[in-house]
Amino acid sequence: MRADLRTDGALTTGTGGAALRLKDVGMRFSQPNNGRTLTALEGIDLDIEPGEFVAVVGPSGCGKTTLLRLIAAMMPPTSGTIGVGDGTAAGARTGFVFQQASLYPWRTVLRNVAFGTELRARTPHRRDRSRKAVRAKAQELIELVGLEGFEDYYPHQISGGMQQRANLARALAIDPQLLLMDEPFSALDAQTREELQIELQRIAVQAGTTTVFVTHDIGEAIYLADRVVVLSGRPGRVREVLACPTPRPRPLKYQVSDEFTDLRNTVWNLVHSK
Ligand SMILES: Nc1ncnc2c1ncn2[C@@H]1O[C@H](COP(=O)(O)OP(=O)(O)OP(=O)(O)O)[C@@H](O)[C@H]1O
Ligand SMILES: [Mg+2]
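Every value quoted in this text rests on a predicted model; they were computed, and no experiment measured them.

A. Highlighting the site of ligand 1. Every residue near ligand 1 is listed here: F29, L38, A40, S60, G61, C62, G63, K64, T65, T66 and R234. Counting residues per element, the ones that place at least two in the shell around ligand 1 are β2 (37–48) and α1 (64–71). Here the shell around ligand 1 gets 3 residues from one element, more than from any other, and that element is α1. Among the residues making up the shell around ligand 1, the classes are represented as 4 nonpolar, 5 polar and 2 charged.

B. Representation of the pairing of β2 in the model. As paired strands, strand β1 (residues 20–30) and β2 are joined by 8 bridges and run antiparallel to one another. Directly across from M27, in β2, lies its bridge partner L41. Here β1 hands over to β2 after 6 residues, with G35 in that stretch at a positive phi of 75°.

C. Inspection of the environment of D175 at higher detail. With respect to the helices and strands, D175 occurs in the loop between α5 (160–172) and β7 (178–182). Classification of D175 as buried rests on a count of 20 C-beta atoms within 10 Å. Sequence separation of D175 and R93 is 82 residues, and the distance between their C-alpha atoms is 7.3 Å.

D. Examining the domain arrangement of the protein chain more closely. According to the domain assignment, the protein chain contains domain 1 (1–93 + 178–274) and domain 2 (103–174). Averaged C-alpha coordinates put domain 1 and domain 2 at centres separated by 24 Å. On the domain 2 side, the residues contacting the 14 residues of domain 1 number 13 residues. Per-element accounting of the side of domain 1 that touches domain 2 gives the leading share, 5 residues, to helix α6 (residues 190–207).

E. Representation of the sheet that holds β2 in the model. Overall, antiparallel pairing links the 4 strands, which are arranged β2-β1-β4-β5 in an open sheet. At either margin of the open sheet sits one strand with a lone partner, and together these are β2 and β5 (87–88). Pairing between β1 and strand β4 (residues 79–84): 5 bridges, direction antiparallel. The residue of β4 that forms the bridge with K23 is T81.

F. Main features of the sheet that holds strand β3 (residues 53–57). Spatial ordering of the open sheet is given by β6-β7-β8-β3-β9-β10, a layout of 6 strands whose pairing is mixed. The open sheet is flanked by β6 (94–97) and β10 (238–243), the only strands paired with a single partner. Strand-to-strand twist of the sheet, defined as the mean angle between neighbouring strand axes without regard to direction, takes the value 15°.

G. Geometry of the packing of α5 against α6. Relative orientation of the contacting elements α5 and α6 amounts to 10°, with a least axis distance of 11 Å. With respect to each other, α5 and α6 are oriented roughly parallel. Considering the relative orientation of α5 and α6, their crossing is right-handed. Across from G161, Q164, R165 and L172 in α5, the residues of α6 making contact are T192, L196 and A207. By residue class, the composition of the contact of α5 with α6 is 3 nonpolar, 3 polar and 1 charged.

H. Spotlight on unusual backbone geometry. A cis geometry characterises the amide bond from R234 onward to P235, with omega recorded as -5°. With respect to the helices, strands and loops of the structure, P235 is situated in the loop between β9 (227–231) and β10. The omega torsion of the bond from R248 to P249 falls at -5°, within 30 degrees of zero and hence cis. Relative to the helices and strands, P249 is located in the loop between β10 and α8 (258–272). A positive phi is found at D175, a non-glycine position, where the angle reads about 50°.

About the criteria used
Residues numbered from 1 in each chain as written. Chains lettered and ligands numbered in written order. Predicted model: local features only at pLDDT ≥ 70, side-chain atom pairs only at ≥ 80, totals over all residues. Near = placed C-beta within 6 Å. Helix = DSSP H or I, 4+ residues; strand = E, 2+ residues; numbered from the N terminus. Nonpolar A, V, L, I, M, F, W, Y, C, P; charged D, E, K, R; others polar. Pairing = 2+ DSSP bridges. Buried ≥ 20, exposed ≤ 12 C-beta atoms within 10 Å, placed from the backbone. Domains from an automatic or database assignment. Contact = placed C-beta atoms within 7 Å. Axes fitted to C-alpha atoms, helices over the stretch in contact; angles between N-to-C directions. Parallel < 35°, antiparallel > 145°, perpendicular 65-115°, else oblique. Left-handed = near helix turned anticlockwise from the far one by under 90°.

Below, the structure written as structure tokens:
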């Protein structure tokens with residue numbers, strides 16, 4: 001299951017994404033100050049289909065970032081199971097884009113984008129991937145996210161929006177089965193955010209990647225997602241899952257449609273009800 005690049009730089013659709021199944025997932029942390037346990041998430045059941053784009057909203061501290069970290073297998077849940085495709089979360093190819101751009105400051109844009117692929121190229125079963133192929137792929141992804149001409153720039157020499165584009169390209173470079181995004185556009189100005197929302201839609205549809213996108217912005221969630229998962233306040237539980245039926249990618253004017261407005265009102269009420 002791969003999103004391969006064609007010679008014209010477009011990602012071929014295909015069976016890019018994997019299914020994601022969360023069964024009764026819970027996460028408890030011990031609190032650093034008193035050693036008592038804090039339940040961040042409880043009883044999360046979610047079935048996400050290959051290629052689906054799911055947005056997650058909920059109050060601050062309800063466990064959204066924790067949920068992404070569990071799906072990325074950065075830590076195991078304290079209860080329940082997470083399956084990706086036919087395997088576990090730990091065995092999946094997962095791309096992660098954080099709220100703050102997290103590029104390596106000492107690597108150029110090109111070498112940041114190539115980073116994940118370089119690592120994979122070093123694993124024994126991927127020795128076939130030459131340095132040249134890695135760079136060619138990074139170059140194509142840079143074009144895909146609109147960063148051509150900035151390959152040799154360092155992160156501090158490009159804008160915040162460009163850094164997030166580079167992060168997205170880096171996440172896509174490993175042919176992810178799952179793309180996890182944690183408020184990736186929240187630090188950006190409204191215009192750059194809108195541009196990146198449009199680009200992300202195009203890229204996610206082309207690559208067919210399964211995407212879980214965390215945001216505080218209800219409108220952003222509805223604009224981008226096939227389904228919006230609303231979590232309750234801590235401990236985070238699934239309060240509601242709402243379908244946004246209009247096919248993706250959507251034109252900007254979707255944001256003034258009746259469907260969008262009705263969904264936004266519904267989600268707003270859910271997020272703000274106790
Ligand atoms: N490693 C950790 N150790 C202890 N507690 C943690 C840890 N990580 C998260 N928590 C706690 O879990 C809860 C959920 O945190 P999380 O960061 O997932 O929330 P969030 O929904 O992403 O919040 P925000 O919207 O503000 O980003 C918080 O109370 C947090 O303090
Ligand atoms: Mg968070």
